[in-house]
Amino acid sequence: MKATFSLVCLICFCALMPSCSQSNAGATGLSYKCDTVMFVPVAPIPPAAGPQPNIHIDTNVKMSSMFGGTIKTSPPYSIGIDYSDETFTYAEAEFTKLVVTYNDGTDDPGATAQKLPLRFAARPYEATNSVAGGRIEKTRLLVISGKISGVISQDKPFTLQLEGNFIKNDGSKIPFAIKHKYEVQRDKSIKSWSEVMSGC
């Protein structure tokens, strides 16, 4: 990475990924060359019967400069997890199974090498929202979030299997199981500076 940016910028760059598609960058002005991949679910993910962490694939988005250049992703990729607990019920989440299987039947060694169980502790969080009349409303909750790094090494479709438990404050466990199929969306396009920044 040729430059260091703030967290706000990094969030912006990640948010741009779905819109980094083929477009006309114009004859003049700064532009970005996109060379990226995204992993998207093959089918809509159905609602879970019980509590279940949210999953996203982190593809290591990097922008070379604030004033034109490149937007790239690079393996190995990671799995991001998050869960919001407004009932203050869970102390942590543990993952007891993690398998990434490509369509040819091979398992990714990065996922296989993870030392299980993996645990992510809940932490307090305060969300601030504007409501009607200009009032500010604050909501306190617990957030369980984290990243399982280096578990997807190839730009190929795969099936992700995750199993684990939410662990309550009294030590009791609520199991969950996740199985999602992902396909690859590739993007090699040119976007103007204004197009990139308009997504922030």
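Calculation notes
- Residues numbered from 1 in each chain as written.
- Predicted model: local features only at pLDDT ≥ 70, side-chain atom pairs only at ≥ 80, totals over all residues.
- Heavy atoms only, no water.
- Pairing = 2+ DSSP bridges.
- Helix = DSSP H or I, 4+ residues; strand = E, 2+ residues; numbered from the N terminus.
- Axes fitted to C-alpha atoms, helices over the stretch in contact; angles between N-to-C directions.
- 1 Å grid on protein atoms, 1.4 Å probe; cavity = no way out; pocket = protein on both sides within 12 Å on 5 of 7 lines; lining within 4 Å.
- Points joined across faces, edges and corners; volume = space filled by probe spheres on them.
- Nonpolar A, V, L, I, M, F, W, Y, C, P; charged D, E, K, R; others polar.
- Phe/Tyr/Trp six-rings, centres within 6.5 Å; stacked < 30°, edge-to-face > 60°.
- Buried < 20%, exposed > 50% of the residue type's maximum accessible area, 1.4 Å probe, protein only.
- pLDDT = per-residue confidence, 0-100.
- Contact = heavy atoms within 4.5 Å.

**A look at the sheet that holds strand S8 (residues 123–130)**
Backbone hydrogen bonds hold the strands of a sheet together, and the pairing may be parallel or antiparallel.
Item 1. The 4 strands are arranged S2-S5-S9-S8 in an open sheet whose pairing can be described as antiparallel. Looking along the sheet, the strands with just one partner apiece sit at the ends: strand S2 (54–58) and S8. Averaged over all pairs of adjacent strands, the angle between strand axes in this sheet comes to 35°, irrespective of strand direction.
Item 2. Of the strand pairs in this sheet, S8 and strand S9 (residues 136–152) are connected by 8 bridges, and their pairing is antiparallel. By the bridge assignment, Arg123 is partnered in S9 with Val143.

**Remarks on the layout of surface pockets**
Empty space among the atoms becomes visible once a probe the size of a water molecule is rolled across them.
Item 1. Looking at the second largest pocket, its volume works out to about 160 Å³.
Item 2. Lining the second largest pocket are 13 residues, with Pro47, Ala48, Ala49, Gln52 and Ala177 positioned closest to its centre.
Item 3. By residue class, the composition of the lining of the second largest pocket is 9 nonpolar, 3 polar and 1 charged.

**Let's talk about the sheet that holds strand S7 (residues 118–121)**
Item 1. The strand order across the open sheet formed by 7 strands is S3-S4-S1-S11-S10-S6-S7, and the pairing between neighbours is mixed. Each end of this open sheet is capped by a strand with a single partner; those strands are strand S3 (62–63) and S7.
Item 2. Of the pairings in the sheet, the one linking strand S1 (residues 31–41) to strand S4 (residues 69–72) comprises 4 bridges and is parallel in character. Bridge pairing in S4 places Lys33 opposite Thr70.

**With respect to the packing of aromatic side chains**
Item 1. For the structure on display, the rule yields 10 aromatic pairs.
Item 2. Ring centres of Tyr83 and Phe166 lie 4.6 Å apart, and the angle between their planes is 45°; on these two criteria the pair is classed as tilted. With Tyr83 in strand S5 (residues 77–85) and Phe166 in strand S10 (residues 158–168), this residue pair connects regions lying 83 residues apart in the sequence. Pair check on accessibility: Tyr83 and Phe166 agree, each one buried.
Item 3. Taken together, the ring pairs connect Tyr83, Tyr90, Phe95, Phe120, Phe166 and Phe176 into an aromatic cluster.

**Quick look at the confidence of the model for the protein**
The predicted structure's coordinates, where accompanied by low pLDDT, should not be read in detail.
Item 1. Overall, the predicted model of the protein reaches an average pLDDT of 85, with 84% of residues at or above 70.
Item 2. Counting interchain partners and residues more than four positions distant, the pLDDT-below-50 stretch residues 1–28 has 45 contacts.

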